[in-house]
Amino acid sequence: MVRVERLNAGYGDVQILWDLSLEIETGSITALIGANGVGKTTFLRTLAGAIQPYSGTILFDDQDITRLPQTWRARHGIMMVPEGRQLYSGLSVEDNLKMGAYTRRDREGVRRDLKWVYGILPVLEERRKQLAGTLSGGEAQMCAVARGLMADPKVLLLDELSLGLAPVVVDGLIRVLREIHEKRDITILLVDQDVQIALELASRGYVFVNGRVEMSGPSTELMKNKEIQKAYLGI
Ligand code: ATP
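All values reported here derive from a predicted model rather than from experimental measurement. (Residues numbered from 1 in each chain as written. Predicted model: local features only at pLDDT ≥ 70, side-chain atom pairs only at ≥ 80, totals over all residues. Heavy atoms only, no water.)

## Some words on the overall build of the protein chain
Counting its secondary structure elements, the protein chain contains 10 helices and 10 strands. For the protein chain, whose C-alpha radius of gyration is 17 Å, the value lies close to the compact-globule estimate of 18 Å for 235 residues. Once the C-alpha set of the protein chain is aligned to its principal axes, its extents read approximately 45 × 40 × 30 Å. Expressed as a percentage of its 235 residues, the buried residues of the protein chain come to 53%. Accessible surface, the protein chain as shown: approximately 11200 Å² in total, 49% of it carbon and sulfur. Counting 29 positive and 30 negative side-chain charges, the protein chain places the centres of these two groups 4 Å from one another. (Helix = DSSP H or I, 4+ residues; strand = E, 2+ residues; numbered from the N terminus. Rg over C-alpha atoms; globule rule 2.2 N^0.38 Å. Buried < 20%, exposed > 50% of the residue type's maximum accessible area, 1.4 Å probe, protein only. Areas by Shrake-Rupley, 256 points an atom, 1.4 Å probe, with all protein chains shown as cover. Lys, Arg positive; Asp, Glu negative; His and termini not counted. Charge placed at Lys NZ, Arg CZ, Asp CG, Glu CD.)

## A closer look at the pairing of strand S9 (residues 204–209)
Relative to S9, strand S3 (residues 29–33) runs parallel, the two being bridged by four bridges. The partner of Leu32 across the bridge, within S9, is Tyr206. Here S9 pairs with strand S10 (residues 212–218) via six bridges, running antiparallel. The residue bridging Val209 from the neighbouring strand is Arg212, located in S10. Linking two consecutive strands that pair antiparallel, namely S9 and S10, is a turn of two residues; a positive phi of about 45 degrees is found at Asn210 within it. (Pairing = 2+ DSSP bridges.)

## Structural notes on the packing of aromatic side chains
Taken as a whole and assessed by the stated rule, the structure comprises one aromatic pair. Judged by centre distance (5.7 Å) and plane angle (75 degrees), the rings of Phe43 and Phe208 are edge-to-face. Of the two residues, Phe43 is situated in helix H1 (residues 40–48) and Phe208 in strand S9; the sequence distance between them amounts to 165 residues. Summarising the burial analysis for this pair, Phe43 and Phe208 share the class buried. A cation sits over an aromatic face here: Arg184 above Trp116, 3.9 Å from the ring centre. (Phe/Tyr/Trp six-rings, centres within 6.5 Å; stacked < 30°, edge-to-face > 60°. Lys NZ or Arg CZ within 6 Å of the ring centre and 35° of its normal.)

## What to know about the environment of Leu149
Mapped onto the secondary structure, Leu149 falls in helix H6 (residues 137–149). Once residues within four sequence positions are removed from consideration, Leu149 is found in contact with Trp116, Val117, Ile120, Leu156, Ile180 and Ile186. (Contact = heavy atoms within 4.5 Å.)

## Side note on the sheet that holds strand S8 (residues 187–191)
With mixed pairing, the six strands of this open sheet are ordered in space as S6-S7-S8-S3-S9-S10. The outermost strands of the open sheet, each flanked by one partner alone, are strand S6 (78–81) and S10. Taking each pair of neighbouring strands and ignoring which way they run, the sheet shows an average axis angle of 20 degrees. Sheet analysis places S6 next to strand S7 (residues 155–159), joined by four bridges and oriented parallel. Residue pairing across strands places Met80 opposite Leu157, the latter belonging to S7. Relative to the sheet, helix H10 (residues 226–233) contacts S3, S9 and S10, its axis offset from that of S9 by approximately 70 degrees. (Axes fitted to C-alpha atoms, helices over the stretch in contact; angles between N-to-C directions.)

Set out below in structure tokens:
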């Protein structure tokens, strides 16, 4: 379980997150919803340890990790798949995947996971020698998710999974995510511009407005909420 209590964070003097509290249950898929610029990415980056909060607490399985560095969090299974892929474009697909496992010492486990990742995303195996910078948008996104999986994460933070991808590619990614979630029992925190996709995948959602949690609840309820339908679902 990840529990965030009264988190305040931002960039220098510019505060983005205000007194933010939320809970992510172990093994769940949770969605963060909100308009552009409300702080969803900032929140993911704070959880991953890329940004140090001004105040507040982040608990991971009851341990206070608020001041622990990103490398510690990565080693203990908190892994962010950033928006815009951020692959090593001059390295092959396979080398990118291996980079995802850089904190791991269990070489046998890394080999097994590489096989597993190729099994669920065969396109990556077909292209394992290709430079990551030459992949299509969908392939690059799959490679980014796969690189995150190579870290053997407990908590996967996914930023803008479907951005810029064709619907059929998004469908494939969703299928893969469901499979990963079922087989590995990974906790997933998901941000997606496409609120419909995010709420369909997640069991629970949090709605951010101006860096605060405005509403939260089971996805089924949020999807029925008139305000959410109007603001984010175009209904
Ligand atoms: P989007 O859906 O557009 O990605 P978001 O909800 O993920 O938006 P953030 O990326 O967290 O929002 O950005 C929140 C605010 O913080 C924005 O106003 C953004 O311009 C600002 N911001 C982001 N990164 C930095 C930075 N490195 N320095 C200063 N301000 C930043």
